[in-house]
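# Chains, contacts and geometry: an overview
Listed below, chain by chain, are the residues.
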Amino acid sequence: MKKTTTRLADGRELIYYDSRDDAVRDAVDRRPLDRVATASEIRHDRLLDDSVAIASHRQGRTYHPPADECPLCPSREGRHSEIPAADYDVAVFENRFPSLAGDGGRCEVVCFTSDHDASFAALTEDQAALVLDAWTDRTAELSQLPGVAQVFCFENRGAEIGVTLGHPHGQIYAYPFVTPRTERMLRSLAAHREATGGRNLFDDVVADEQADGRRIVLEGEHWLAFVPYAAHWPYEVHLYPRRRVPDLLALDDDARTEFPQIYLEVLRRFDRIFGTCEAPTPYIAAWHQAPVRVADREDFALHLELFTIRRTSGKLKFLAGSESGMNVFINDVPPEAAAERLREVASE
C-alpha cells in the first residue's frame, strides 16, 4: 500500500491509498474554496448522561446530486470534485460538513472506489483489503489526536438509511468521548467478569453462538459471522475475528487476508435476501473498536455489526414508539429464521 497525503483548496486533509507503489498523486485542487466554517457543538444530556452533537451547518450539505455532479467522483475537465485526481483506488478526506469538528472531534469520508456505480459488495478482494488497510491506518492516526477517545469506522448504504450521496463511501468519526453504546458494552464486560470469576463476555458470546449453531451464517478459519441471539434488526450479522483483539491495528496477517473473503460474501448475501426487490438492500456496517484510553482495553473484542432496516421485500423496519421513545426494540424476524435465510442465499 502506498499512502499519499495532500491538502484540498480549503486546507482540509486528503489521503490517497493506492495498491501500486508507483502511483503518483500530484493533482492540485484548484477550486476557489473558502476555509471550512463549522458550528459543531457537543452538549451533555444530564438526564440520560450522554452527548449530542449540534451541527447546524450540515443543513447546507450536498443532497442527492445527479451522478455527473457527484463530489466523490474523480475530477475531470470542467468538473472539479473533492478528489482532484483523475482516478483513485481509495481516498479519505476531512468532511466538508462534519458532525464533529475542532475540539469536538473529527469526521472523515472514505471513498471505497472511484467507480460511482459500484458498491462495497462489488469490490474485488484486493480492493476490499485496501479499504481495510485505510480503516486501520486512519484508526492509528486519529487515535493519536489530542482529545480523541474513540474511533468509529462505518458505512451507511441506501437512501432509506438517509444517505445523501450515491457514490460508494463510508465515514470515520473520531469522538471526543466514549459513545453510550460502547459504555454499555464496557459495563456489561466488567459485570460479567465479576460474576464469572474473570471470564470474558465477548469470548463467551462467541462460544455460545458456535455451540448453538442455529444462527451461524458463515465460518472461516479466522472469522465467524452470526446473527446474534437477541438481534435488534430484521437481518443483523455480527462478524468477529476468532482471535480476540481490541481494534483493527491488532489484527494479524491471517485475519487481514481472510477478512475480504468473508465480508464480501456476507454483503453479497445481504443483496440477495430479498430476491427481486427493486432496490439494493440498505444497510449500516459499523466497526466496534476499544476506546483509545480505557483500562483493560485488551478485554474488548473488535467486531463488525452489519444490519438492514428492510424486514421483507418492500417493507422497512421503522424505529417507532417503543424503539425511539424507550429504546426497546421489537424484531419481527426471528434471528434463527434470518440466519437460515442468509445461509440459503450463499454464493454458488
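Details of the structure are given in the entry above.
No experiment lies behind these values; they were computed from the predicted model shown.

The next subject is the overall build of the chain. The secondary structure content of the chain amounts to six helices and 15 strands. Expressed along its principal axes, the backbone C-alpha trace of the chain runs to roughly 60 × 50 × 45 Å. Across the 348 residues of the chain, 51% fall into the buried class. Taking contacts inside the chain between residues at least 6 apart in sequence as the whole, the part at least 24 apart equals 62%. In the structure as shown, the chain presents an accessible area of about 17000 Å², 48% of it carried by carbon and sulfur atoms. Distance between charge centres in the chain, computed from 41 positive and 58 negative side chains, equals 4 Å.

Let us look at the sheet that holds strand β10 (residues 223-226). Strands pair in a sheet through their backbones, by hydrogen bonds, and they do so in one of two ways: parallel or antiparallel. Strands sit in the order β1-β2-β5-β6-β8-β7-β12-β13-β11-β10-β9 across an open sheet of eleven strands; the sheet is antiparallel. Pairing within the sheet leaves two strands with one partner each, and these edge strands are β1 (2-7) and β9 (216-219). Taking the axes of each pair of neighbouring strands and ignoring which way they run, one obtains an average angle of 20 degrees across the sheet. Bridge count for β1 against strand β2 (residues 13-18) is six bridges, and the pairing is antiparallel.

Where helix α1 (residues 125-143) contacts helix α4 (residues 253-272), the two axes come as close as 9 Å, and the packing angle between them is 115 degrees. Remark: the crossing between α1 and α4 carries right-handed chirality. In contact with E125, A128, A129, L132, D133, W135 and T136 of α1, α4 contributes R256, F259, P260, Q261 and L264. Here the contact of α1 with α4 is composed, by residue class, of seven nonpolar, two polar and three charged.

Of all hydrophobic cores here, the largest spans 55 residues; its most connected members are F120, W135, F259 and W287. With eight residues, α4 is the single largest residue contributor to this core. Those residues in contact with F259 that lie beyond four places of it in its chain are L132, W135, W223, L239, W287 and L304.

Moving on, we get to unusual backbone geometry. The backbone phi angle of D296 is positive, close to 55 degrees, even though this residue is not glycine. Within the element layout of this structure, D296 appears in the loop between β12 (283-288) and β13 (303-308). Phi angles above zero are rare outside glycine, and N327 is one such case at about 60 degrees. With respect to the element layout, N327 can be found in the loop between α5 (321-326) and α6 (335-344). In this structure N327 comes out as partly exposed when scored by relative accessible area, which is 48%.

On to the environment of I42. Among the structural elements, I42 can be located in strand β3 (residues 41-45). Each C-alpha atom of the pair I42 and S99 lies 9.6 Å from the other, and the pair is 57 residues apart in sequence. Here I42 is in contact with S51, V52, A53, L100, G104, P176 and F177, once residues within four sequence places are set aside.

Another point: α4. The end-to-end C-alpha distance of α4, which contains 20 residues, comes to 30 Å, matching closely the 28 Å that a straight helix rising 1.5 Å per residue would cover. Along its length, α4 shows its largest kink, about 35 degrees, at F259, and proline P260 lies within four residues downstream of that point.

Moving on, we get to the pairing of strand β4 (residues 50-54). Note: β3 against β4, five bridges, orientation antiparallel. Counterpart to H44 in the pairing with β4 is S51.

Within the fold, T113 resides in the loop between β6 (106-111) and α1. With a relative accessible area of 6%, T113 lands in the buried category. Residues in contact with T113, not counting those within four places in the same chain, are Y88, D89, A118, L123, Q127, H167 and P168.

Counted under the stated rule, the structure contains 33 salt bridges. For R20, the salt bridge identified is with D22, shortest N-O distance 2.8 Å. Between E82 and R31 there is a salt bridge; the shortest N-O distance is 2.7 Å. One end of the pair, E82, is in the loop between β4 and β5 (90-94); the other, R31, is in the loop between β2 and β3, and 51 residues separate them in sequence. The residues E82 and R31 share a single accessibility class, namely buried. Several salt bridges share partner residues, and in doing so they unite K3, R7, E13, E94, R106, E108, D137, R138 and E141 into one network.

Further remarks concern the packing of aromatic side chains. With the rule as written, the count across this model stands at 19 aromatic pairs. The interplanar angle of 85 degrees and the centroid separation of 6.3 Å between the aromatic rings of F112 and W135 together place this pair among those described as edge-to-face. Of the two residues, F112 is situated in the loop between β6 and α1 and W135 in helix α1; the sequence distance between them amounts to 23 residues. F112 sits in the buried class, given a relative accessible area of 1%. Considering the side-chain rings of F154 and Y173, the 5.1 Å spacing of their centres and the 90 degrees angle between planes classify their relative orientation as edge-to-face. Highlighted residues: F154 in strand β7 (residues 150-157) and Y173 in strand β8 (residues 169-175), separated in sequence by 19 residues. Comparing F154 with Y173, the two get one shared label, buried.

The rules behind these values
Residues numbered from 1 in each chain as written. Predicted model: local features only at pLDDT ≥ 70, side-chain atom pairs only at ≥ 80, totals over all residues. Heavy atoms only, no water. Helix = DSSP H or I, 4+ residues; strand = E, 2+ residues; numbered from the N terminus. Buried < 20%, exposed > 50% of the residue type's maximum accessible area, 1.4 Å probe, protein only. Contact = heavy atoms within 4.5 Å. Areas by Shrake-Rupley, 256 points an atom, 1.4 Å probe, with all protein chains shown as cover. Lys, Arg positive; Asp, Glu negative; His and termini not counted. Charge placed at Lys NZ, Arg CZ, Asp CG, Glu CD. Pairing = 2+ DSSP bridges. Axes fitted to C-alpha atoms, helices over the stretch in contact; angles between N-to-C directions. Left-handed = near helix turned anticlockwise from the far one by under 90°. Nonpolar A, V, L, I, M, F, W, Y, C, P; charged D, E, K, R; others polar. Core = buried A, V, L, I, M, F, W, Y, C linked by side-chain atoms within 4.5 Å. Expected span 1.5 Å × (residues − 1). Bend = angle between axes of the 7 residues up to and from the residue. Salt bridge = Lys/Arg side-chain N within 4 Å of Asp/Glu carboxyl O. Phe/Tyr/Trp six-rings, centres within 6.5 Å; stacked < 30°, edge-to-face > 60°.

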